[in-house]
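Tertiary structure, described
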Amino acid sequence: MDRTPMTLLKGTLDVLILKTLSWGPAHGYAISRWIRQTTRDELSIEEGALYPALRRVEEHGWVESAWKRTETGREAKVYKLTVAGRRQLQAEVSGWTRYVTAMTRVLEARPAGAIGG
Amino acid sequence: MSLFRRRPDEALPLSRQKPVAEDVRREVEAHLELRAEELIAQGWEPEAARAESRRAFGEVGAIESECREITTRARRAQRRAELLDAFWQDLVYAGRVLRGAPGFAAAAILTLALGIGANTAIFSVVNGVLLRPLPYERPERLVDLVELHERGYASVPWTSFLDLQAQSRSFEALAEYGGGRGTIQGADEPVRAAVAPVSRDFFRVMRTRAWIGRLPGPGDHAEGAAPVAVVSYRFWRSHLGGDRDLSGKRLRGEFGFDVIGVLPPGFDFPGGTDIWHPLELNRQPTSRTAHNWPAIGRLKPGVSPRQAEEELRSIFRRIGESAGPDFDAVGARVTPLQELLTGSVRRPLFLLLGASALLLLAACTNLASTLLARGTARASELAIRTALGAGRLRIVRQVFTESLVIAVLGCAAGLLVASLLLRALLALAPVGLMRLGDARLDPWVLGFTVAVGLTTAVLFGLFPALRISDVDSGAAMREGARAGGGPRRQRLWSLLVSVEVALALVLLAGSGLMLRSFATVLGIDPGFRADSVLTVELDLPEREYPDVVRAVAFHDRALEALRRIPGVEAAGVSNVLPLGGDNPSGGIQVEGKALLPVGHPITGFAVYRLASTGYFEAMGMRIVRGRGLSEGDVAGAAPAIVVNEALAADGWPGQDPIGKRLRIGGMDGPGAEPWATVVGVVRNVPGSAVTSPARPTYYYSYRQLPYRARWMTAVIRTRVPPLSIAPQVRAALREIDPAVPAEFRTMEERLATSIADRRFTMAVLGAFAGAALLLAAVGIYGVVSYAVAQRTREIGIRIALGARPRTVARMVQGRAMLMVGVGIVLGIAGALALTRVMRSQLYEVSPTDPGTFAAAIVVLGAAGWLASWIPARRGTRVDPMVAIRTE
């Protein structure tokens, strides 16, 4: 299995954030851990890059944040998906799915079937 | 609904958010710690875990700064949106409030429109006449030049001008020019046109190019050159048919001119000129006292008028060392052309601008008091809003937004008022008011209006807004509808009304002073009788009347014909009529008096007039001693002369001038004229303005001293309305010579023109004063009505207890008059301070004239009494039972 991390497509991180938050509110570190674990380190993301992205999606109004005390007694900035964010995620997901389906169809097509037909 | 809302509804208000830097730092810190903890839990050494955590995070500093940037930007946008949102809410709310009180809104907007309109109209005149630059290239460098003498100043004589032109380094170009009206033939019909002879560099000074054809070249500016002329765009359109082909276009005036060019539209210097031709066509006198032509120059860049004056003074000093004894200039004065052209109207216009500012202030005061009254009525509404959590700032902003809406609407209505007023001003303004045609509502004026409007919003809006918001919500709500009219606020309100009264008094006093001056001016006995006099300007074409003998013959025949017209009582001619100016004038020698040390054998100066028999009768000028000019005073007979009272007193103080002799010091050499015997003394008549003292003047028979006899004005005294005989006069003159055009004006018109400036200032100031008086009366009415309404119950009780309504009314009115009294005292103080600036506009009236002040006080007092009487009376006519039950 190829272990070279894939470079991240622009805007992908936004989708990952939205997707993560769709399971419930979370603070930055939790989001970062989710992404790390679910992608199994296949995506090379500098962990710090998450934070500007979080603020951007917040600026768009897709998420909102508040400082809260966690179960462990720490103060953490907790992010929560907004209604607009949920809508945005749906749009992104369906866009991705169509894109991937199309690409996959092309990439897996067999030349013999295409030529001579 | 919000147009501007962009933030999510649940976002924290900005005031409860952490500072951006701290927010970012703590979030990053938390991440690093949690990551390190996780690693330690996986068995890392703490040190290594922290290092790994940092490594995995990336560049902490760069990321933090990126985060800060994004959030700062986002918060800024949020703040903007919040402000706009609040403003929009305020605006919507203000609109609803104003719609709910249409009477108040209309009154407020009208009041403001009046104030702003007056200011805008006057400012557009000031802007057009005084502020807007002349329509020439780099007009600030155009200057007027005069020679300074020990006493006074005069035009630069041609010879001295040539010296300046050759030696001065301060100017790009210098020129002299003249101007006069002349008969022009060769256009579609003989016309009288304004003709200006100009020296070689005139158009270089003005930096003008020909619009069609060419300008005169250096070769055209020479004695004996083929005469050429350029014409104004206006003249070209109206009299040359607008034909672009100028070849063969010839005009005959003093010379026969080939028209070689047309100047661009808008070129208008000297003002009103139709035709320009080289001045050098005529030989110019070499005398250094021949102060014939005004001079104009264009300063080099960076040279100030003062520096130019310095240089000219040193040049004059050099000339003085070599020139003869007739040279007496000691320096020069260099004045920006714009200042010169507008000098006489500057003060009256600024005076009117000041007056309109006072009117605006009165309008603002009126509005402030109205808003305050409304604020009182709205106290309970505002108290409820405060109780519901609206901050004081929020309420101030709300109330202020209402003022802003009124101000904006007032501005719009004010522009409408301004355009109407401007039209009235233009119709009323004296013809001579320079560049008045340039007065219009341009972007500068619009900018001015907007500035004025915003200022007024602050003036009349912010103050009451602060006052209104200062409510004790509990007390206000308890008192309900009657709430808030506390004594403090009532006092403030009364004070505002007093200020209105004071402003009205200042304006009334000012316009009263103008009125009084005007009445005095109208009452001046000018020394002639303007009623029933028709004047006809005659200008004999040079070509047909090359010598004065023919001119004299024309006038002889014309007078004879005019006197035969039915309805004519007397007829005469003169070179210059009363109010026609103090030119020409020159040196005279009174026999037996000591000569002045000027090189010429003269003993003084006097204004030079030609006249015919019948002139004094026609003009209504009384002969106070001796006789007037007679049919016997003809060429060849002993020269006879009539002097005015001023010359009699100046030449022969304490003596009878009849039989004494004087001679005029001709320009063409000393003592060229024969001695003339004084045969009569005639009343003084004003030379330029009715208010200016008469200069010493002599009247020579045009038959004995026929210089300038080609330019004469006939004066006809009639028994019928003067203009009604104009057709017969025209016919009679045509019969003698159809080539001579005649221009008719009544003497009354000339008199009216001479005082038109004064009338204009007076009328405008009077209108402002009237408006201010009205505003003050409305203010008084409002405050008294309110006071009466507040005290309905008390009044009802008093009446029920037996007080007579009239007594109660008097009591209410007494307080109002106290308010008026305070205003009058304030107003007198203000007027005493302010009317001083009017001194130059007044005539024989002191700026603190007690009679005028007394009249203004009486008028205001009466208006105040009436304005308080009406509501006081109505208020006390209540049925006591109803009044008591209202609460």
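Residues numbered from 1 in each chain as written. Chains lettered and ligands numbered in written order. Predicted model: local features only at pLDDT ≥ 70, side-chain atom pairs only at ≥ 80, totals over all residues.

1. So, the overall build of chain A
Short version of the rule: Under the scheme used here, helices are H or I runs from DSSP no shorter than 4 residues and strands are E runs no shorter than 2 residues, and both carry numbers assigned from the N terminus. With C-beta atoms placed from the backbone, a residue is buried if 20 or more other C-beta atoms are within 10 Å of its own, exposed if 12 or fewer are, and partly exposed between those counts. Once C-beta atoms are placed from the backbone, any two residues with those atoms within 7 Å are in contact.
Per the secondary structure count, chain A includes five helices and three strands. In chain A, the succession of helices and strands from N to C terminus is α-β-α-α-β-β-α-α. Burial status across chain A gives 30% buried among its 117 residues. Long-range pairs, those at least 24 residues apart, make up 56% of the contacts in chain A between residues at least 6 apart in sequence.

2. With respect to the overall build of chain B
The number of helices and strands found in chain B is 24 helices and 23 strands. Look at the contacts in chain B between residues 6 or more apart in sequence, and 83% of them connect residues 24 or more apart.

3. Concerning helix 3 (residues 60-100) of chain B
What counts is decided by this rule: To estimate how far a helix should reach, multiply one less than its number of residues by 1.5 Å.
Taking 1.5 Å of rise per residue, 41 residues should cover 60 Å, and helix 3 of chain B covers 59 Å from first to last C-alpha, within 8% of that figure. Of the positions making up helix 3 of chain B, those classed as buried are Ile63, Cys67, Ile70 and Thr71 of chain B.

4. Let's talk about the interface of chain A and chain B
Under the convention used in this document: Amino acid classes used here: Ala, Val, Leu, Ile, Met, Phe, Trp, Tyr, Cys and Pro are nonpolar; Asp, Glu, Lys and Arg are charged; the rest, including Gly, are polar.
With 19 residues of chain A in contact, the opposing surface of chain B contributes 21 residues. Elements that contribute at least two residues to the side of chain A that touches chain B include exactly helix 2 (28-38), helix 3 (50-59), strand 2 (63-69) and strand 3 (75-81) of chain A. Taken together, the residues of the side of chain A that touches chain B break down into six nonpolar, five polar and eight charged.

5. Here we look at the pairing of strand 1 (residues 142-148) of chain B
All names here are of chain B. Let me state the cut-off plainly: DSSP calls a pair of strands paired once it identifies at least 2 bridges connecting them.
The buried count for strand 1 comes to five of seven residues, which makes it a mostly enclosed element. Bridge count for strand 1 against strand 11 (residues 295-299) is four bridges, and the pairing is antiparallel. In the sheet register, Val143 faces strand 11, and the bridge partner there is Gly297. Relative to strand 12 (residues 331-336), strand 1 runs antiparallel, the two being bridged by six bridges. Bridge assignment links Val143 to a residue of strand 12, and that residue is Pro336.

6. Some words on helix 1 (residues 12-21) of chain A
Residue and element names in this part refer to chain A. By the criterion of burial, helix 1 is predominantly enclosed, with seven of the 10 residues buried. Along helix 1, the positions that sit buried rather than exposed are Leu13, Asp14, Leu16, Ile17, Leu18, Thr20 and Leu21. Buried positions along helix 1 lie against strand 1 (26-27), helix 2, helix 3, strand 2, strand 3 and helix 4 (83-108).

7. Structural notes on the environment of Met619 of chain B
All names here are of chain B. You can see Met619 is positioned in helix 16 (residues 615-619). With 26 C-beta atoms packed within 10 Å, Met619 lands in the buried category. Placed 49 residues apart in sequence, Met619 and Ala570 show a C-alpha to C-alpha distance of 8.7 Å. When residues no more than four places from it in sequence are discounted, the contact partners of Met619 are Phe528, Val533, Pro578 and Val715.

8. Notes on the sheet that holds strand 2 of chain A
Residue and element names in this part refer to chain A. Strand order in the open sheet formed by three strands is 1-3-2, with antiparallel pairing between adjacent strands. The open sheet terminates on both sides in strands that have one partner only, identified here as strand 1 and strand 2. Bridging between strand 1 and strand 3 involves two bridges; their strand directions are antiparallel. Note that in strand 3 the partner of Ala26 across the bridge is Tyr79.

9. Points about the nonpolar core
Residues and elements named next belong to chain B. Our working definition: Buried Ala, Val, Leu, Ile, Met, Phe, Trp, Tyr and Cys residues form a nonpolar core when they are connected through C-beta atoms within 7 Å.
The biggest cluster of nonpolar side chains holds 106 residues, and the ones touching the most others in it are Leu359, Ala504, Leu505, Leu507, Phe768 and Ala772. Sequence-distant contacts of Leu359, defined by excluding residues within four places in its chain, comprise Gly115, Ala118, Leu507, Phe768, Ala771 and Ala772. Counting residues in each nonpolar core, the second largest holds 66 residues, with Val568, Leu662, Val681 and Tyr700 among its members.

10. Some details on the packing of helix 4 (residues 102-131) of chain B against helix 11 (residues 392-428) of chain B
Residues and elements named next belong to chain B. Here is the rule: Lines fitted to C-alpha atoms define the axes, with helix axes restricted to the stretch in contact, and inter-axis angles between N-to-C directions lie between 0 and 180 degrees. Oblique is the label for every angle not falling under 35 degrees (roughly parallel), over 145 degrees (roughly antiparallel), or within 65 to 115 degrees (roughly perpendicular). By definition, turning the near helix anticlockwise from the far helix through less than a right angle yields a left-handed crossing, and turning it clockwise yields a right-handed one.
Running from N to C, helix 4 and helix 11 cross one another at 50 degrees; their axes reach a closest spacing of 6 Å. One way to sum up the angle between helix 4 and helix 11 is to call them oblique. The hand of the helix 4/helix 11 crossing is right-handed. Partitioned by chemical class, the residues of the contact of helix 4 with helix 11 number 20 nonpolar, five polar and no charged.

11. Concerning the confidence of the model for chain A
In plain terms, the rule: Scored from 0 to 100, pLDDT reflects the predictor's confidence in each residue.
Overall, the prediction assigns chain A a mean pLDDT of 81, with 82% of residues at 70 or greater. Within the model, pLDDT remains below 50 along residues 1-5 of chain A, and this stretch shows three contacts once partners closer than five positions in the same chain are excluded.

12. Structural notes on the packing of helix 1 of chain A against helix 3 of chain A
Residue and element names in this part refer to chain A. Put simply, helix 1 and helix 3 touch, their axes get as near as 10 Å, and they point 75 degrees apart. Classified by the angle between their axes, helix 1 and helix 3 sit roughly perpendicular to one another. Of helix 3, the residues touching helix 1 (which contributes Leu13, Asp14, Ile17 and Leu18) are Leu50, Ala53, Leu54 and Val57.

13. Notes on the pairing of strand 10 (residues 275-278) of chain B
Residue and element names in this part refer to chain B. The pairing of strand 5 (residues 191-198) with strand 10 spans four bridges and is parallel. Paired with Ala196 across the bridge in strand 10 is Trp276. Summarising the sheet, strand 7 (residues 228-231) and strand 10 pair through two bridges and their orientation is antiparallel. Its bridge partner being in strand 10, Val230 is matched across the sheet by Trp276.

14. Digging into the environment of Pro157 of chain B
Residue and element names in this part refer to chain B. Note on placement: Pro157 falls in the loop between strand 2 (153-154) and helix 5 (158-167). In the structure, Pro157 is positioned 10 residues away from Glu147 in sequence and 8.5 Å away in space, judged by C-alpha atoms. Setting aside anything within four residues of it in sequence, one finds Pro157 in contact with Ser287, Arg288, Thr289, Ala290 and His291.

15. Observations regarding the confidence of the model for chain B
Residue and element names in this part refer to chain B. Taken over all residues, the pLDDT of chain B has a mean of 84, while the share at 70 or more is 91%. Between the elements of chain B, mean pLDDT differs from a low of 50, seen in helix 13 (residues 473-479), to a high of 95, seen in helix 16. Predicted confidence is poor over residues 476-484, with pLDDT under 50, and the contacts of this stretch with residues over four places away or in other chains come to 16 contacts. Confidence over residues 667-671 falls short of pLDDT 50; this stretch has 10 contacts with residues more than four positions distant or in other chains. For this predicted complex, the interface confidence comes out at an ipTM of 0.83, alongside a pTM of 0.69.

16. A short note on the environment of Gln185 of chain B
Residue and element names in this part refer to chain B. Position of Gln185 relative to the elements: it lies in the loop between strand 4 (180-184) and strand 5. Spatially, the C-alpha atom of Gln185 lies 9.8 Å from that of Pro741, the residues being 556 residues apart in sequence. Among all residues touching Gln185, those that are not within four sequence positions of it are Pro190, Arg252, Pro541 and Ala739.

17. Some remarks on unusual backbone geometry
Among all residues save glycine, negative phi is the norm, and among peptide bonds the norm is trans. Residue and element names in this part refer to chain B. Looking along the chain, the bond that leaves Phe269 and enters Pro270 is cis, with omega of -10 degrees. Positionally, Pro270 belongs in the loop between strand 9 (256-262) and strand 10. Even without being a glycine, Arg138 presents a positive backbone phi close to 40 degrees. Mapping Arg138 onto the fold places it in the loop between helix 4 and strand 1. Taking the C-beta count within 10 Å as the criterion, Arg138 has 13 such neighbours and is therefore assigned partly exposed. Although it is not a glycine, Leu579 adopts a positive phi angle of roughly 70 degrees. Among the secondary structure elements, Leu579 is positioned in the loop between strand 14 (568-574) and strand 15 (585-590). Note on Leu579: 21 C-beta atoms within 10 Å, which makes it buried.

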